[in-house]
Amino acid sequence: MPARGLLLLLLLATGAAGGRGVPGDTLACSQGLACRLLDTDVLCGMELLGSGCGLALARLRLEPALRCTGTAACSPCLQARLRLALPPGTGCPTPSGISGAEDGDEGSLVGEASSSQPSITALLLLSGHAYASSRCVAVEVRAPLASAVPGQPLGWVTFQCFEAPLGSELHVTAYTDLHGRQKLSQRQRVPDCSWPMAQAAVPQCQVPRLQVSPGPKEVVVEVQGAAAGHSYTLRLYYNQSHSTSGSGHALTASGPMNYSLPADEVLPCLCLQVWPETQDPPRATLCPFSHDTEAWERLWARSRLVLHATEQALSWSLSAPCDVLAELVPCWQSAPTGPCQALPGLQQPAVGQGPQEFGGLQPHPNLCVQVWSSGQVRLTQCLQGPSVTSPGVLPGRTSDLLLLEHWGNASLCVLEQGACTPLASFTSTGAGQPGLLEQELRQDVVSGQCRQVWHPENGTGVTLWACPLHKYLRARWALAWMGVLLGAACLLLLLLLKKEDVKGWLKSLRADCGSKGPLRGCRALLVHASEPAAERAACAMMAALRSLGLAVTAAPGGGSGVAAWGPLPWLHAQHRRALCDGDTVIFLLTPAAVAATHQWDAGAMPGAGAPKSSPGTQHSPCPNDVPAVAPCEVFAAALSCAMPALAAGNGRYVVARLEALVPAVPPALQEAPAFALPSEMGGFLRALAGPGGWQQCQRLEPYVTAVAEGLRRAVGE
């Protein structure tokens, strides 16, 4: 019997004696070939006896596939695809000498090869070896000789499939009985759960779902959709870059479960992750608290800001359980319970958890650092607070004044109450003569008595100075005590001289002092020209109005104060604030102001920046009405801010004309209520108070007379 027949008998005997098939194995061949599975579990290592006549192996290709026993009960495997060819120079007999008589069970062959035609029968052995298992199958292939060309491919034979654990490597080898024992070999990994087809059909790759139910005291995490009989892992961790909490908490289960988490442990960076217990499994990740308001409040309550101060530098470190998107803003706090004024241009982002330095910022007892996030102040720490490390006493005093100097124009202003007040308008105690300490503070900066806190070389364009104020406060207190003693002595003298008259005067004085100022709570912006008469009148008017409780801000001209900054930006800001807050804007008319108004109305002010009036609203000033003085550009800039709003009927505007110097109101300002001062002082004060502002005051004439007399003296000088 030929060698091929002996091999077939051996394979059949092996299969009958104990060969076992694997359910789901399939064999397919391309058109023109016939094939069948002789055995799906052959003893690996069996020798194929070559007869010198057979088919050659041209190519071996492995492709991922699924072996399924149900719709969602599949396992991954590798499909082996062999390309066969008739070897060149074959020594096989002629077609007339070949028959298929030895294969009596042709009916089990798969394919279209007819047994009536001459053909070649080949035996193939496929083996699949994994790390812990191996399997071999025997295949018979029959090819017709009529269409076979030596050296050319005949078709494909596909075996499905070699099964192995998820993600494991499989070594597949194909042998043929051709003389010389030809073989092809290839290694490939069995698909794991990253394969999309495996995620939907392989039970081990189906990731459970997570459902979070928050409560007042605890959060319940529910694991849904877990495959029965397959284990999975649930992990809870804080997603943070500095990784101070390790890998988090993990637990393993084999079915649906509920896990309770205390509400105190819920932070914005808390994440949940679940995956099946397989090699390289897919993972479902959920971070459900990133926008939870209570979680963010809990995070900021556990965060801590620590300041480190040395003699020449200030650094900070922010520790938080989660990564935060925030800014560190240095600020100046004059009083322990007062507001903290942010230093312009010094903010920097919070990066990491380690110490970071405010480069160029010198320590001072009034310095604080705020943490801003989502438009709110989350943390505040001052250099006088508990979480501060410093080598000793910090330089400077808590009573120091913070001055801001703009780089390039050397103008100084005081940082207070959310704004920068020019020295010409600053009062050290909130009352008294504006600009009283202007020259002294400038001299302190020049002489080096002020300590430089920030320098423009750091890129902000400003310099910050901490100037001592205690020496001026001491001098003013001494003068105040002397005045009190002198007043007490005069009062005693009056009591001795005229007791009855003094009693009546004291009663009226007590009634006046017990009532609040009639203009308390009102604010005004006083705009005047830069000339001696206007400045004297403005100072007298501000002093008198402030005694009535009116908060007045002056917009002076000249070469110092705001004019050194450039008038238009500051005036625009003050005017916009007055419109938003409902304050009164007072135009004080003096000769220079009238000249500026006429030139502005005629469109002749260079750089005023205001739109030109329409032909119907322009006025031609009379030569007799225009004083022979130079116009004030600062006053013209104020008109550029106010005239559009005045024409539209927006805001509260009042015109105060010094009747001794200005005979009439210019046409451009006639839309606003005007008063000739000091004769119409009563109407002027009522206009400042607004509707109903004077109803609670029973003594109007003393106020009107006092204010008018003070203004008359100032204009007379």
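Up top is the structure these notes are about.
Rules used in this analysis
Residues numbered from 1 in each chain as written. Predicted model: local features only at pLDDT ≥ 70, side-chain atom pairs only at ≥ 80, totals over all residues. Heavy atoms only, no water. Helix = DSSP H or I, 4+ residues; strand = E, 2+ residues; numbered from the N terminus. Buried < 20%, exposed > 50% of the residue type's maximum accessible area, 1.4 Å probe, protein only. Contact = heavy atoms within 4.5 Å. Areas by Shrake-Rupley, 256 points an atom, 1.4 Å probe, with all protein chains shown as cover. Polar contact = N/O pair within 3.5 Å; in protein donor to acceptor, adjacent residues only side chain to side chain. Expected span 1.5 Å × (residues − 1). Bend = angle between axes of the 7 residues up to and from the residue. Pairing = 2+ DSSP bridges. Axes fitted to C-alpha atoms, helices over the stretch in contact; angles between N-to-C directions. Parallel < 35°, antiparallel > 145°, perpendicular 65-115°, else oblique. Left-handed = near helix turned anticlockwise from the far one by under 90°. Nonpolar A, V, L, I, M, F, W, Y, C, P; charged D, E, K, R; others polar. Patch = residues over 30% accessible without salt bridge, like charges linked within 9 Å, V, L, I, M, F, W, Y side chains within 5 Å. Salt bridge = Lys/Arg side-chain N within 4 Å of Asp/Glu carboxyl O. Disulfide = S-S within 2.5 Å.

Draft legend 1. Examining the overall build of the protein chain more closely. Counting secondary structure elements, the protein chain contains 12 helices and 36 strands. For the protein chain, the residues scored as buried account for 44% of the 717 residues in total. Long-range contacts, defined here as pairs at least 24 residues apart, represent 68% of the contacts in the protein chain between residues at least 6 apart. Counting only carbon and sulfur atoms, one obtains 54% of the accessible surface of the protein chain, whose full area is about 35600 Å².

Draft legend 2. View of the side chain of S168. Structurally, S168 is set in the loop between β8 (153-163) and β9 (169-176). A polar side-chain atom of S168 sits 2.7 Å from the main-chain carbonyl oxygen of P165.

Draft legend 3. Representation of unusual backbone geometry in the model. A cis geometry characterises the amide bond from Q160 onward to C161, with omega recorded as 5°. Following L677, the chain continues into P678 via a peptide bond in cis, with omega recorded as 10°.

Draft legend 4. Fine view of helix α10 (residues 633-647). Look at α10: 21 Å from first C-alpha to last across 15 residues, which is about the 21 Å you get at 1.5 Å a residue. Maximal helix bending in α10 amounts to about 35°, located at C641; proline P644 follows within four positions. Counting buried positions over the 15 residues of α10 gives 12, a clear majority of the element. Immediately downstream of α10, the backbone of G649 shows phi near 80°, a positive value.

Draft legend 5. Geometry of the sheet that holds strand β15 (residues 257-262). Strand order in the open sheet made by the 3 strands is β11-β12-β15, with antiparallel pairing throughout. The sheet is open, and its two edges are formed by β11 (209-214) and β15, each paired on a single side. In this sheet, neighbouring strand axes are inclined to one another by 20° on average, regardless of whether the strands run parallel or antiparallel. Pairing analysis gives 6 bridges linking β11 to strand β12 (residues 218-224), with the strands arranged antiparallel. In the sheet register, L210 faces β12, and the bridge partner there is V223.

Draft legend 6. Looking closely at the packing of helix α9 (residues 591-601) against α10. For the pair α9 and α10, interaxial distance at closest approach is 9 Å and the crossing angle is 55°. What the angle tells us is that α9 and α10 run oblique. Between α9 and α10 lies a crossing of right-handed hand. Only F635, A636, L639, S640 and M643 of α10 make contact with α9, whose side of the interface consists of A593, A596, T597 and W600. Here the contact of α9 with α10 is composed, by residue class, of 7 nonpolar, 2 polar and no charged.

Draft legend 7. Focus on a nonpolar patch on the surface. Where nonpolar side chains cluster on the molecular surface, the patch consists of L491, L492 and L495 and spans about 240 Å² of accessible area. Locating L492 in the fold gives a position in helix α5 (residues 470-497). In this structure L492 comes out as exposed when scored by relative accessible area, which is 54%.

Draft legend 8. Examining the state of the cysteines more closely. The final tally for this structure, using the stated rule, is 9 disulfides. A sulfur-sulfur separation of 2.0 Å characterises the disulfide bridge that pairs C44 with C136. Residues C44 and C136 share a disulfide whose torsion about the S-S bond is about 120°; that sign makes it right-handed. Taken together, the positions of C44 in the loop between β2 (34-42) and β3 (56-68) and C136 in strand β7 (residues 134-144) put the pair 92 residues apart, joining distant regions of the chain. When its relative accessible area of 2% is taken as the criterion, C136 is described as buried.

Draft legend 9. Quick peek at the environment of R523. Position of R523 relative to the elements: it lies in strand β32 (residues 523-527). For R523, a relative accessible area of 34% corresponds to the partly exposed category. Along the backbone, R523 and V585 are 62 residues apart, and their C-alpha atoms lie at a distance of 9.0 Å. Excluding anything up to four places from it in sequence, R523 contacts L550, A551, R577, D581, D583 and T584. A distance of 3.5 Å separates a polar atom in the side chain of R523 from a polar atom in the side chain of D583.

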